[in-house]
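Overview (structure and organization)
Residue-level listing of the chains:
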Amino acid sequence: MKFLTKFSPALLLLPAILLLSACGTTGEAEQEQAQAVAGGGAAADSDDGANASGASSGSADAMPMMEPEPEPEPLRDPLEEGLLAQRVVYFEFDSSVIRDDALPLIQAHAQYLASNPMLITLEGHADERGTREYNIALGERRADSVRRLLMANGVPGNQIKVVSYGEERPAALGHNEDAWSLNRRSELMYLR
Amino acid sequence: MCIKALLQSLIAGVLLGGALIANAAPLTIEITQGVEEALPIAIVPFGVTGARKPPEDIAAIISADLSRTGRFGALAEKDMLAKPTEPGNVNFQNWRILAREALVLGNVQYLGADRYKISFWLFDVYKAKQILAFNVSGSQTDFRAAAHKISDIIYQELTGEPGAFSTRIAYVTKKRGAKEPFSLWMADADGHNEQNLLKSKYPIISPKWSPDGLKLAYSSLENAGEQRIYIQEWANGRRNEVSIDLKGLKGAPDWSPDGKKLAFTSVRHGNAEIYVINLANKRLRQVTRHWAIDTEPVWTPDGASIIFTSDRGGQPQLYKISVDGGRVTRLTFEGTENARADVSPDGKRIAMVHRDNGKYTIAVMELATGHLNVLTDGTLDESPSFAPNGSMVIYATTKGNLGQLAAVSVDGSVHQVLAYEDEVREPAWSPINNK
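Here is what the cut-offs are and how they apply
- The numbering scheme is per chain: residues are counted from 1 as the chain's sequence reads.
- Lettering for chains starts from A, numbering for ligands starts from 1, and both go in the order in which the items are written.
- Only residues with pLDDT of at least 70 are given local features in this predicted model, and only at 80 or more are side-chain atom pairs given and counted; all residues enter the totals for whole chains, interfaces and linings.
- Working from all heavy atoms in the structure, the side-chain values ignore hydrogens and water.
- What counts as a helix is a DSSP run of H or I of at least four residues, what counts as a strand is a run of E of at least two, and both are numbered from the N terminus.
- Relative accessible area decides the class of each residue, using a 1.4 Å probe on protein chains only: under 20% of the type maximum gives buried, over 50% gives exposed, and in between gives partly exposed.
- A strand pair is defined by DSSP finding two or more bridges across the two strands.
- The axes are straight lines fitted to the C-alpha atoms, using for helices just the contacting stretch, and the angles between their N-to-C directions are given from 0 to 180°.
- Any angle from 65 to 115 degrees is called roughly perpendicular, while one under 35 is roughly parallel, one over 145 is roughly antiparallel, and all others are oblique.
- In a left-handed crossing the near helix is turned counterclockwise from the far helix by less than a right angle, and in a right-handed crossing that turn is clockwise.
- Working rule for contacts: check all heavy atoms of both residues, and any pair within 4.5 Å makes them a contact.
- Polar here means any residue other than Ala, Val, Leu, Ile, Met, Phe, Trp, Tyr, Cys and Pro, which are nonpolar, and Asp, Glu, Lys and Arg, which are charged; Gly is therefore polar.
- When two parts are put together, the accessible area they lose, computed with a 1.4 Å probe and summed over both, is reported as buried area.
- Any Lys or Arg side-chain nitrogen found within 4 Å of a carboxyl oxygen on Asp or Glu counts as a salt bridge.
- Any pair of nitrogen or oxygen atoms within 3.5 Å is treated as a polar contact; in protein, a donor-acceptor pairing is required on top of that, and neighbouring residues in sequence qualify only through side-chain atoms on both sides.
- Remark: nonpolar core denotes a set of buried residues (Ala, Val, Leu, Ile, Met, Phe, Trp, Tyr, Cys) joined through side-chain atoms within 4.5 Å.

Further remarks concern unusual backbone geometry. Residues and elements named next belong to chain B. The phi dihedral of S206 is positive, around 55°, even though this residue is not glycine. Its location among the elements puts S206 in strand β11 (residues 204-209). Exposure remark for S206: the relative accessible area of 6% places this residue in the buried category. Phi at R340 takes a positive value of approximately 45°, unusual for a residue other than glycine. Relative to the assigned elements, R340 resides in strand β23 (residues 337-343). A residue is classified by how much of its surface remains accessible, and R340, at 11% relative accessible area, is buried.

Moving on, we come to the sheet that holds strand β31 (residues 423-429) of chain B. Residues and elements named next belong to chain B. Pairing within the open sheet is antiparallel, and its four strands lie in the order β10-β9-β8-β31. Each edge of the sheet is formed by a strand with only one pairing partner; in this case those strands are β10 (195-200) and β31. Pairwise comparison of adjacent strand axes, ignoring direction, gives a mean angle of 20° for this sheet. When strand β8 (residues 168-174) meets β31, the two strands line up antiparallel, connected through five bridges. For I169, the partnering residue across the bridge sits in β31 and is W429.

All names here are of chain A. Two elements in contact, helix α5 (residues 103-115) and helix α6 (residues 132-152), have axes whose closest approach is 9 Å; the angle formed by their N-to-C orientations is 55°. Judged by the inter-axis angle, α5 sits oblique to α6. Where α5 crosses over α6, the two elements pack in a sense that is right-handed. For the pair α5 and α6, contact is made by L103, I106, H109, A110 and L113 and by V146, L149 and L150, respectively. Classifying every residue of the contact of α5 with α6 by side-chain character gives seven nonpolar, one polar and no charged.

Listed per partner, the contact involves 26 residues of chain A and 41 residues of chain B. Area buried by chain A at its contact with chain B is led by R132, E133 and Y134 of chain A, which between them contribute 25% of it. At the boundary of chain A and chain B, one finds five salt bridges. Two residues, D311 of chain B and R141 of chain A, come together in a salt bridge whose shortest N-O distance is 2.7 Å. Mapped onto the side of chain A that touches chain B, the elements with two or more residues apiece are α6 and β3 (160-166) of chain A. Per element, the largest residue contribution to the side of chain A that touches chain B is eleven residues, and it comes from α6 of chain A. The residue makeup of the side of chain A that touches chain B, split by class, is eight nonpolar, four polar and 14 charged.

Residue and element names in this part refer to chain A. Take A114: it is sitting in helix α5. Given a relative accessible area of 43%, A114 falls into the partly exposed group. For A114 and L150, which are 36 residues apart along the polypeptide, the C-alpha to C-alpha distance reads 8.8 Å.

Below, the discussion takes up the sheet that holds β3 of chain A. Residues and elements named next belong to chain A. Strand order in the open sheet formed by four strands is β1-β4-β2-β3, and the pairing between neighbours is mixed. Edge strands, defined here as strands with exactly one partner in the open sheet, are β1 (88-90) and β3. The sheet shows a mean angle of 20° between the axes of neighbouring strands, taken without regard to direction. Against the sheet, α5 contacts β1, β2 (119-125) and β4 (185-191), and its axis sits at roughly 20° relative to β4. In the packing of α6 onto the sheet, contacts are made with β1, β2, β3 and β4, and the angle to β3 comes to roughly 155°.

Glancing now at the environment of N196 of chain B. All names here are of chain B. Along the chain, the position of N196 falls in strand β10. Sequence spacing of N196 and A170 is 26 residues, and the spatial spacing of their C-alpha atoms is 9.7 Å. Polar contacts involving the side chain of N196 include one to the main-chain carbonyl oxygen of L184, which spans 3.3 Å. A distance of 3.3 Å separates a polar side-chain atom of N196 from the backbone oxygen of L198.

Turning our attention to the packing of helix α2 (residues 58-68) of chain B against helix α4 (residues 143-159) of chain B. In helix packing, the relevant descriptors are the interaxial angle and the interaxial distance, both defined with respect to the helix axes. Residues and elements named next belong to chain B. Two elements in contact, α2 and α4, have axes whose closest approach is 9 Å; the angle formed by their N-to-C orientations is 50°. Relative to α4, α2 is oriented oblique. Here α2 runs over α4; the crossing is right-handed. Only F143, R144, A147, H148, I150, S151, I154 and Y155 of α4 make contact with α2, whose side of the interface consists of I58, I61, I62, D65 and L66. Considered class by class, the residues forming the contact of α2 with α4 number nine nonpolar, two polar and two charged.

Let us look at the pattern of salt bridges. All names here are of chain B. For the coordinates displayed, the defined rule picks out 34 salt bridges over all chains. When the shortest N-O distance is used, the salt bridge between K83 and E77 registers 3.0 Å. Exposure remark for K83: the relative accessible area of 45% places this residue in the partly exposed category. Overall, the relative accessible area of 42% leaves E77 in the partly exposed class.

Right, let's get into the nonpolar core. Where a protein is soluble and globular, its nonpolar side chains tend to be buried together. Residues and elements named next belong to chain B. The biggest cluster of nonpolar side chains holds 28 residues, and the ones touching the most others in it are I41, F46, I58, L66, I118 and I154. Counting only elements with at least two residues in this core, the list comes to β2 (39-43), α2, β4 (72-74), β5 (102-112), β6 (115-124), β7 (129-139) and α4. Considering each element in turn, this core owes the most residues, seven residues, to α4. Residues contacting L66, with those up to four places away along its chain left out, are I41, I43, R71, F72, S151, I154, Y155 and F165.

By themselves, these figures tell us nothing about what the structure is for.
Okay, structure coming up:
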């Protein structure tokens, strides 16, 4: 709840603005209005918003001719689908043993990485319990467990980098098992 | 009960003193528990002679220093029957009535050109005898340091142990939502003179003072999660990564007693091992060889051994090994976990993070007997660091959701809280400042 207050109202409007601009029938006046609102928000995001609506207004006339043709297939990203879209492996307390329920996920990534020469960074993390330097080592050991399993499934070692943040970058705040179980993890970060 | 009332009036006095100073310390220290047998003392406001008034109330600084240890109960100024500033004017009966055992008085003389001469006397009230007399000189800028020096002299005379008032603490703060949330700071042991040493987007971990007190070694995650070790000279801010010819993460630095080497941990391929690097020629020596996590090395004061955390027995416990490697001795057996040791300056005790019943507390163990004494009752206490006189241990704890610092005497009788506006962690107590 608390972090919601950090978003400016303009930012909350952004999805709506993008939706509006994606729709080809939007009138000029409305678009300008939308851009003005976006411009009043955070600088970086408002640029994107303005560009998106500008592009759709420029192609508005050509739209009817394009319609019968099938949309050019947008490049489907296999990393955004199925098991490959899952990038977090969770661990038990003070353990770096890969749980059985994480095996399909790791195997899917191994299969993908073995046939796509992409670089991946494995981040290791720990919950807040235990000491900080120990948790750096524990995080590294967790990420290394994932590395070993990827390699056992055919991924060349030079595609993999292992780092550790220990307990320093929790995914969930809170001082209870719910938060801790989300923080004992290794994250698979594709570099692209 | 008298002591308790005394302490309360003391705390009020300390707070009032703080409020009078324009730049109140961001780190404020409060005693939450003192000893029953605190020594009743009176520190009379110092007399002032000369054209310029001193920049600080020297008696208030000494009073706060001594009271903070929990071993002294200082009389409030308003309760004093007389305020002598010269030894010839002391009527001991005035202080016996108030049950004082020790009396401190003095005066400050402005010498010109920013220089002050501070004279002070310490008396045994019941024997009606002067115990010591000293002159200390100081400038406008090191006036507080001069006051701390006087506290050291009085403390040593009355307790037989060196004081730790002329010391500093280093610590790390985290300001949520800031662009660079992590900061490394140092401040005087009483929380004054806070100085920022580093701001970073990434966590700063394990600051450790060099034995000469001029540098800090610490580890940082600023290289995208690839932990590295840095050494920084606080006086000029000069900062260098320690170049270590090892692949993998490098952290948990600890200075050898002669300041020429660092013990540290290198983590690679799931295995954390302890190494020693010679800082002059960068030569490396591997100390531990085990598939388990071996980390958080600390040197014993004789420079011969290293105490470290290892989970080779299943869960983290403390072990000892010669710096040349060889046989490993397990030191801790009580509790489910013991980790991140600090060794007392005399080498007789270790402080550690102790886990029992799911709670992380600070414990101190006598190395000769193996007797372990749990000193705190937190749930996530960590990072214990001995005062250089061995009397107290400073550590990180949590209050609400905020990390804060606290200190406890090695016998567990005195407790202090060091409150801060942001999350604060990773305290390290400096060696005694001999300058």
